[in-house]
Structure formats: C-alpha cells, structure tokens
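Commentary on secondary and tertiary structure
Below, each chain spelled out in residue letters.
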Amino acid sequence: MSDTHAESVAFVRTEPVPSAPPPFQATGPVKWIRENLFANVPNTILTLVALYAIYVVLSAILPWIVNGIWNTDSLAECREILQGATGACFSVLTERWHQLLFGFTYPSELYWRPTLAFVLLFFAAAPVLFFDLPRKLLIFTALYPFIAYYLIWGGTIWVPIFALLGFAGGYLTYARFVTQSFAKGFFGGIAAAFLIWTLAGYITPLLAAENPAMAAVPSRDMGGFMLNMMLGVICVSLSLPIGIALALGRQSSMPLIKLVCVVFIEFVRGVPLITLLFVASVVLAYFFPPEASIDLILRVIIMITMFSSAYIAEVIRGGLAALPKGQYEAADSLGLDYPQAMRLIILPQALKISIPGIVNVAVGLFKDTTLVSVISMFDLVGMIRGPILASTEWNGVYWELFMFAALLFFVVCYGISQYSQWLERRLATDHR
Amino acid sequence: MKKSVFFGALTVAGIAATAAAAGTLDDVKARGKLNCGVTTGLAGFAAPDANGEWKGFDVDVCRAVAAAVLGDPTAVEFVPTTGKTRFTALASGEIDLLARNTTWTFSRDVDLKFDFVGVNYYDGQGFMVPKALGVSSAKELDGATVCIQTGTTTELNLADFFRANNISYEPVPIETNAEAQQQYLAGACDVYTTDASGLAATRATFEDPSAHALLPEIISKEPLGPLVRHGDNDWGDVARWTLNALIAAEEYGITSANIAELAQGTNNPEVNRILGTEGTLGEMLGLSADWANNAISAGGNYGEIFARNIGESTPIGLARGLNAQWTNGGLLYSPPFR
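As the structure is a computational prediction, the values presented were derived from the model and not from experiment. (Residues numbered from 1 in each chain as written. Chains lettered and ligands numbered in written order. Predicted model: local features only at pLDDT ≥ 70, side-chain atom pairs only at ≥ 80, totals over all residues. Heavy atoms only, no water.)

Before going further, it helps to examine the overall build of chain A. The helix and strand tally for chain A stands at 16 helices and zero strands. Judged by the C-alpha coordinates and their principal axes, chain A covers about 115 × 75 × 40 Å. Considering only intrachain contacts with a sequence separation of at least 6, the fraction spanning at least 24 residues in chain A is 68%. Both charge centroids of chain A, one from 24 positive and one from 25 negative side chains, sit 11 Å from each other. (Helix = DSSP H or I, 4+ residues; strand = E, 2+ residues; numbered from the N terminus. Contact = heavy atoms within 4.5 Å. Lys, Arg positive; Asp, Glu negative; His and termini not counted. Charge placed at Lys NZ, Arg CZ, Asp CG, Glu CD.)

Before going further, it helps to examine the interface of chain B and chain A. Chain B puts 49 residues into the contact, and the matching count from chain A is 46 residues. Both sides of the chain B and chain A interface together cover about 3,900 Å² of buried area, and 67% of this is carbon and sulfur. The tally of links from chain B across to chain A stands at one salt bridge. We note a salt bridge from E77 of chain B to R220 of chain A, for which the minimum N-O separation is 3.5 Å. (Buried area = accessible area lost by both parts, 1.4 Å probe. Salt bridge = Lys/Arg side-chain N within 4 Å of Asp/Glu carboxyl O.)

Next up on the list: the pattern of salt bridges. According to the stated counting rule, one finds 19 salt bridges over all chains in the structure shown. Among the ionic pairs, E270 of chain B bridges to R273 of chain B, the shortest N-O distance being 3.3 Å. Of this pair, E270 of chain B and R273 of chain B both sit in helix α11 (residues 269–275), separated by three residues, roughly a single helical turn. Each member of the pair, E270 of chain B together with R273 of chain B, is buried. Here the salt bridges do not stand alone but share partners, grouping R250, E266, R269, E314 and R317 of chain A into one network. (Buried < 20%, exposed > 50% of the residue type's maximum accessible area, 1.4 Å probe, protein only.)

Turning our eyes to something else, we now look at the nonpolar core. Y106, M222, I304, V372 and L401 of chain A together with W235 and W291 of chain B are the most contacted members of the largest nonpolar core, which has 153 residues in total. In this structure I304 of chain A touches L231, C235, L273, L277, L365 and V372 of chain A, once residues within four positions along its chain are discounted. Core analysis: the second largest hydrophobic core is formed by 15 residues, A144, L158, F161 and L215 of chain B among them. (Core = buried A, V, L, I, M, F, W, Y, C linked by side-chain atoms within 4.5 Å.)

Time to look at the confidence of the model for chain B. All names here are of chain B. Overall, the prediction assigns chain B a mean pLDDT of 87, with 93% of residues at 70 or greater. Confidence, read as mean pLDDT per element, is least for helix α1 (residues 5–11) in chain B (41) and greatest for helix α3 (residues 57–70) (95). Counted against residues more than four places away or in other chains, residues 1–21, with its pLDDT under 50, gives 35 contacts. In the predicted complex, the global pTM is 0.80; the interface-specific ipTM is 0.73. (pLDDT = per-residue confidence, 0-100.)

In a packed pair of helices, the relevant descriptors are the angle between the two axes and the axis-to-axis distance. All names here are of chain A. Relative to each other, helix α9 (residues 224–250) and helix α10 (residues 255–269) sit at 125°, their axes nearing to 8 Å. One element, α9, and the other, α10, form an angle in the oblique class. Like other packed secondary-structure pairs, α9 and α10 cross with a definite hand, here left-handed. When α9 is examined against α10, the residues L246, G249 and R250 are found in contact with a partner set consisting of I257, K258, C261, V262, F264, I265 and E266. (Axes fitted to C-alpha atoms, helices over the stretch in contact; angles between N-to-C directions. Parallel < 35°, antiparallel > 145°, perpendicular 65-115°, else oblique. Left-handed = near helix turned anticlockwise from the far one by under 90°.)

And the structure:
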C-alpha cells in the first residue's frame, strides 16, 4: 500500500517514533511519593502530620544526643559545659560502664573472666541452636556450665570437677540400669550423683589450695548486666527440661505424678514472681542459720526457674494438646513404648508448635530478672536505681542510664526473637 | 564453709540447724568481719563510688564499729538492704548492725524487737518550694498542691500539720523520690515534702538549686540511728558506745589529725579514758584498750564524718542544726565516759 503513494508524499517514517520518557511525575521516586504519600487529600494530610511528628521528635532528641558530653566527672560539670543548652550527659556511662556491666564489687582485674564466659556462651549455645553444626560440638556445650562456673566464681577447680563427676556418675548408673527398668535407672542415677557430691563435699576442702589459681569471687559481688545474663541464661536453660517434664507429668495417667505436677504448676503460676523472690531473700533467711545459708543467687535461681518452668510447662502442654490424637495412636500402633513415643513422635511436633510460646516466656523471663533489684541485688536496674543515682556526682541523670539499660535488653531480646523466627522457618516441614 | 556451699546447696547437706548461740560480739570477732546493713543507695548517707568503695555518713558508722571491734575499718561486709528487707535481714542474723537512716520509733523498738543504740542524725519532715512562689513559711501554703510519697509517715504528718493550722492542700501522690524530683521540676506540684536531709540532697541535684528554698518549718521528728537485735546487750553496748565515742570525741576536740598526739596522754582524764590511756573501759566492753582510738581514727569524730559526707562543703550541703553538739545548741549529748 505504501508503495503506491511513495512518490506523492515528501517523507515517510520508516521506524516507529521512540517512546517518549514517561512524564516526570509518573516515574522514579516522585511516582512512589505521589502514589504512597500524597495519593489523595486525607493521605496527604496524614503524611504531613506524620512528617511534623517525626520532626518534633527528632528535633528534641537529635541535639540531645549530638551535644552529648562524654568525658566529665559529674553531672554538675556536664551542666557547666552545656551552659543551659540541650545535651545528654553520657559521661555517666563512660565513668560507670564497668559497674553497669559487672556490678560495683566484682574485682576489676578479673573482668576478663565473665567476659570470656560470655564469649564461650556463644560457642556452647551454637550447636544447640543451629543443628546443622557438627554434633561433636555438643561435648563442649555439656562442659560449658562447669567452665562458666569456674570462670565466674573462681575458687578451687575441684568444685566444678566434682560437680561434673557427679553428673557423669549419675549418667553412667542410669545407662547401666535403664535397660532393666526406667525407674531403677532414673533414681539410681540420681542417688549415684548425690553420693558423689556428698563425698566431694568432704574431700574438696582437703584438696583445695590455699591460693587457687583463679581468685574466688563471692556471689554477693556479682552484679550489673552480668547478673541479668547469668540469671536469664541459667534459668531459661534449666526451666526448659523441667517444663517438659512437668507438662508430660500433668498428662500422665499416674494419679500421684499428675497431682504433684498440677499442684506445683497451679501454685507457682498463681503467685507473683516478686513474692517468690521475697521468699528467697527474706523468708528463707529465717530457716537457715546465718553461716550455713544457701547462696542468695542460688536461691534466686531456684525461684525463677520454678516460676518459668511452670509457665513453660503450660506452653508445652498447649503444644501436646494441639497434636491430633492419631499421632499418639500411631506411635502406639508402631509398638513404641512411652519414652520412645514421646522422644520420636510426640515431642518433636509438640515442641515445634510451642516455639513462639517458649520464646515469649524466655524473653519475658529475661526481662523479669530485673525484679531482683527489689531484693537488693545489684543487677543492671538495681545498679542504676541504687548506687549510681545515689552518688552525689550522678544524682539526677535518668534518661541516659535507663536508655542504656533499654538498649542492652533490646539487643538481647531482639536477637532471641529473630532466632525463633528463623527456627520456625527452618522447621516448617508441614505442607502449605 | 564457703567452698562447700555449692555442694551444700545441691545435696542440702550441711544445713544442720546450728543455733547461733554465741553472742554477736564473739561471732564478729570469730568471723573477722562486721556484716553491716546499709541502704542500696542514698546520696551522702551510703553509696558506692566509681571504684566500688562504700562512702557515706551511715557507712562511716559501720566502719567505726568495725574499727572498734576488729581494729580494722575495712573489715566490713556491707549488705545493701531495701526499706522492705532491712528488718528481716537484721532479725534473721544476716547482718550484725543496721545503719540505714532508720527512724527510731516506739513500735520498731518494742514490737519489732530491735534496740536503737542512739541517734546519729536528727531529721524531720520539711518543705521545698520554688523561690518564685514567694512563700517564706509553710503556714502560707493554703491551697497549694503538694508532692508526697504515698504510704509513708510523711503523708500522715502532712495531713496533721495542715489540719492543725486550719489550711487546705491538694496532694499529688508519687511513688519514689526520683519521680518526685521530676514532678516537682515539671511544675506538677507547688511544694515537695519529705525528710529535710532528703530535700537538701534533692535540691543539690537541681540545675539551679538557688531557685528553690527549704521552708523553716520542720513538722515531724525523725531521729535516725543504727540498731541491733533486741536481747544481745553486750553487742548493743559496743555499738552504742562506739557512736558515743564519735560524738564525745568532737565535744572534747579529738580529731583524726591530733588523735595520735592525744593518745600519748593528756591532762584531761575523760579524753584519757576514751582513748584508753587511763582506766579499763575497753576491757569492760570486751574490746581492746584502744577501741575508741581505732573507731575515731577510722573516719574522724562525728563532726568530721558529718562535714565530709553531708556537711555544708559537700553538694548535699546540710547545716548542723539539731545535729550540733549540745554545747552549740544542738541535741548531740554523749553520756560521760567513766
């Protein structure tokens, strides 16, 4: 067709016009802003209000942080330097950071010991948390509690060694007798462990050197964020197995075991944690003679562990109840006995369902460790509320200290929550 | 004992209830350390410094007692106690002496079975107002809003005072001193009321302390003093006379600077008896002859302790007031050493 008119027209385009670039408003960031922030009138109003709110918040906070003073010796000096301008007095952190992290009586030349224990914690926790790692690393995990105890408390090395031997002896006895009967193995193991510990109680004082290589640090000297971490890690890791046992016990068909578990769980859950802590610190002091009383930290650990294991038991019971009855019946029809059925069929599924709940309890528990400041233990919050705010230099510094505490707790809790989300994705074997 | 604590705990062995039959004095000597209960932190009275050393007015009482009994002012194990745990800590024997700005009241002395060994600070409830308010007396506070800590005796004292003067007020209840500070500075209340020493310490932390005034009225009696368990009179005597020695030392001009010289012997028989160069006072207490010498050397006499921790040259800036010697119109009056 075009051929016929080829001579009659002056110019014929042989290729299409290149498409013009889209209008400036319909591309790139401008488009995004128009579509998402200023799409219509209410949207525009909300955007402007939000921008103003952000401006107000930042204009209050940014100068405060940027003008922050890091190198004075007291709040009064900070104020002198600032001359009425807005600005934080972060000097309290630079001067007292070691007290916030380790408490005020932990000997400063020994700070490397809890720090090392903290670093090793990651190596010990890794094989438990990430099961793609070689299983042999679990040996270190098993040894870690004793290494950490030795590092943090120091003293004679025989204490952790005998404690370890007790567990080893208990396990060997269990392994020897469990083939005959579970109860025989279980109680035999416990008896063997206690026998070794009792004997060790008499032997250790004889073996202990006058000046141990690692200077002993009494529990009273522990404090700061170290104390929160210790209580959090120990209590969470102890309360998981106890919680599982309680949850299974509550479902047991044996009336006595069921009754004990139900009473324990309901009692502990019905009592506020703070009252348990008061019992640990105040009431128990009446029952023991002053010289033979159990270490305060140990009392607190027992109480917090009791508390959280009751909660974890209920979370896991929820997981157990969520499993279809067919799973139990399938395990029975395969001829598995109770421990096998639980270990291979029921618990792996129930625990997977319970992960969000368990993490919830763990995070809550970790933050609840700050309650020990009420029974005059100097954890992070106790250090802030007590000694630091009471010192004449720093009385009146609130925001800086509590923001620092919040930051430390946020980092840990956010880490736990991210891990649990990874774990759920990793364990998602159901067909979606 | 400590080494086996771990096992003791695990095995619940070694918890045989051995009744603490011996007197506290013997216990302390055998232990080589004084367990002294202090507050978890109150500016000027007891707080650890950046190096973890306890410092303060109450702390120095502990150190003086430790020096008197053991000859070493550092032989003290400070046990921090809160307002809630202090009495059980003392009653259960966890601590030997409680020096924690505790008000001497009838019920604590009689009903809770403690013995107050004396008064180391005469406190009382006072009022703080911004100078801009233009008030010079608490009686002019008609209709004022008052920040007050709930559940304390100060609440009751306040109600009594305003009723007795036939004026009205509006309470703003708050939980802690820190909260009160913020509320008061934010203008949520016209007046803040608590113990006068606390008011002074609080005011010292303000950006502009001179803009706030403490009113002259003191509306309650708060004698603060160290206390021991009821029934162990030997130990109570040691604590009582150590405190008296500090007070008497100021009266007789014994200071940490001249005590070495005075301990050589003086013309004043009372000073000689205190410092142990004459008489057998130390022996009567079951202590060494130089017990008071050690106690005073630990941190100086009462006046020096006061000036160093809470006196007018410190940020707390408390005047002696009622806590001056009786010769200067105060209430400090030590019974004679003879």
